[in-house]
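Coordinate analysis (summary)
Each chain, letter by letter, is given below.
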Amino acid sequence: MSAFIAFVIMFALTSCEKANLVSEEMQGDPAGNLSVSVFQIEHTAFASLTRAAVGDVCTKLSFAVYDEEGSRVKQVNQTSDKTGFGQCSFQLEEGNYQLVVVAHSAKGNPTMTNPGKIQFTNSTGYTDTFIHNEEVTIGEEAVALQISLNRIVALCRFVITDNIPEEVKKIQFYYTGGSGAFNAATGLGSVNSKQTVAFDVSLGQTQFDLYTFLHNQEDNVALKVTALDANGNVLFERDFDVPMEQNHITWLSGAFFNGSGSSVTTVTGVTVNTDWAGETHLTF
């Protein structure tokens, strides 16, 4: 009987520990001495965004605090379907810290162990991404911050203008020259990544968004586009050299299946987008 009672007590304590971990992950420290509120994302006031609009911008927020040695002290991950999205607090000892906040819509949260290498992977996916990075000093008085997040990705928007053959079931994009990880202090890519994204085209999708973190404000990305059948066999394949720029959209469009097979050579125009800093239109 005593062994049974001990088991019940141990189970209850374990359950409480798990509940506390989940609560801390979503809520942070409710009475913490550092409170953080998202004020705006890429020049749009966060408070003015409807729930639907927030979902268009990002579905996840990750807050992380690092000590002076760069070791992560705490991290809180939030999803847009939960109450309190965009508000977080931490209880910290007095000292100097680095606060990093990442907004994104990936399938999973980024690895944030190292602020110099905050990383997404092929499995979590690459999406529009925004960050805030700030040095914070915690003293006797509580600190309250209203923060703005800025876009740090570059986007290649690949558009197929001719008909996709019936036997093509999937379009795969493999690209190098960018990065799946970034340095929070600079917002620039910090590793040389081999990024792969695949799309099911059974519903007639012809526009595909490819995100990356560039190593410089402007860079070129080597892109291989492959059309696959239901069994994964290669039916069509073409290579492109794509000029990209941080916080810009590079539109890359043309007849993929009926084209000449040459890489991109022609710039057809530049326009300004109020959400992005600019757009470049290229044809192949």
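This text gives an overview of the structure that appears in the document. (Residues numbered from 1 in each chain as written. Predicted model: local features only at pLDDT ≥ 70, side-chain atom pairs only at ≥ 80, totals over all residues. Heavy atoms only, no water.)

Glancing now at the overall build of the protein. Summing up its helical and strand segments, the protein has two helices and 19 strands in all. Relative to its full complement of 284 residues, the protein shows a buried share of 44%. Across the protein, every contact between residues at least 6 apart in sequence was considered, and the portion connecting residues at least 24 apart equals 67%. Total accessible area on the protein is roughly 14,400 Å²; 51% of this is exposed by carbon and sulfur atoms. (Helix = DSSP H or I, 4+ residues; strand = E, 2+ residues; numbered from the N terminus. Buried < 20%, exposed > 50% of the residue type's maximum accessible area, 1.4 Å probe, protein only. Contact = heavy atoms within 4.5 Å. Areas by Shrake-Rupley, 256 points an atom, 1.4 Å probe, with all protein chains shown as cover.)

By the secondary structure assignment, D162 is in the loop between β10 (154-160) and β11 (170-176). In terms of polar contacts, D162 uses its side chain to reach the backbone amide nitrogen of F256, at 3.1 Å. One polar contact links the side chain of D162 to the main-chain amide nitrogen of N258, over a distance of 2.9 Å. Not counting the four nearest positions on each side in its chain, D162 is found in contact with G254, A255, F256, F257 and N258. (Polar contact = N/O pair within 3.5 Å; in protein donor to acceptor, adjacent residues only side chain to side chain.)

This part takes up the nonpolar core. Membership of the largest hydrophobic core comes to 47 residues, with the highest contact counts inside it found for F158, I171, F173, L223, F240, L252 and F256. The greatest single-element share of this core, amounting to six residues, is contributed by β10. (Core = buried A, V, L, I, M, F, W, Y, C linked by side-chain atoms within 4.5 Å.)

In terms of burial, β10 is largely enclosed, as seven of its seven residues are buried. Where burial is concerned, the two faces of β10 agree: the one with A154, C156, F158 and I160 and the one with L155, R157 and V159 are both buried. Judged from the six bridges that link them, β10 and strand β14 (residues 207-212) form a sheet pairing that is antiparallel. Bridging across to β14, R157 finds its partner in D209. When β10 meets strand β17 (residues 248-254), the two strands line up parallel, connected through six bridges. (Pairing = 2+ DSSP bridges.)

The topology assignment puts E167 in the loop between β10 and β11. A residue is classified by how much of its surface remains accessible, and E167, at 45% relative accessible area, is partly exposed. E167 sits 68 residues away from L235 along the chain, and the two C-alpha atoms are 8.5 Å apart. Excluding residues within four positions of it along the chain, E167 makes contact with L228, D229, A230 and L235.

Let's shift gears to the pattern of salt bridges. Any two side chains of opposite charge can pair, so long as their charged atoms come close to each other. Considering all chains together, one arrives at five salt bridges under this definition. Between D29 and K74 there is a salt bridge, with its nearest N and O atoms 2.5 Å apart. Taken together, the positions of D29 in the loop between α1 (2-27) and β1 (34-41) and K74 in strand β4 (residues 72-79) put the pair 45 residues apart, joining distant regions of the chain. For D29, a relative accessible area of 14% corresponds to the buried category. Linking E237 and K224 is a salt bridge whose minimum nitrogen-to-oxygen distance equals 3.8 Å. A residue pair is termed long-range when its members are at least 10 positions apart, and E237 in strand β16 (residues 234-245) and K224 in strand β15 (residues 218-228) qualify at 13 residues. One connected set of salt bridges, linked through shared partners, spans K224, E237 and D239. (Salt bridge = Lys/Arg side-chain N within 4 Å of Asp/Glu carboxyl O.)

One non-glycine residue, N247, adopts positive backbone phi at about 65°. In this structure, N247 sits in the loop between β16 and β17. A residue is classified by how much of its surface remains accessible, and N247, at 12% relative accessible area, is buried.

In this section: the sheet that holds β16. If you trace the four strands from one edge of the open sheet to the other, you get β13-β11-β15-β16, paired in antiparallel fashion. The open sheet has two edge strands, β13 (194-200) and β16, and neither has a second partner. Across this sheet, the average inter-strand angle for adjacent strands is 20°, counted without regard to direction. With eleven bridges joining them, β15 and β16 adopt antiparallel strand pairing. (Axes fitted to C-alpha atoms, helices over the stretch in contact; angles between N-to-C directions.)

Now for the side chain of R238. Tracing the backbone shows R238 in strand β16. One polar contact links the side chain of R238 to the main-chain carbonyl oxygen of A255, over a distance of 3.1 Å. A distance of 3.1 Å separates the side chain of R238 from the backbone oxygen of F256, its partner in a polar contact.

As for its placement among the helices and strands, N150 is situated in strand β9 (residues 143-151). Overall, the relative accessible area of 39% leaves N150 in the partly exposed class. In this structure the C-alpha to C-alpha distance between N150 and H43, which are 107 residues apart in sequence, comes to 7.9 Å. Beyond its immediate sequence surroundings of up to four residues, N150 is in contact with E42, T129, F130 and I131.

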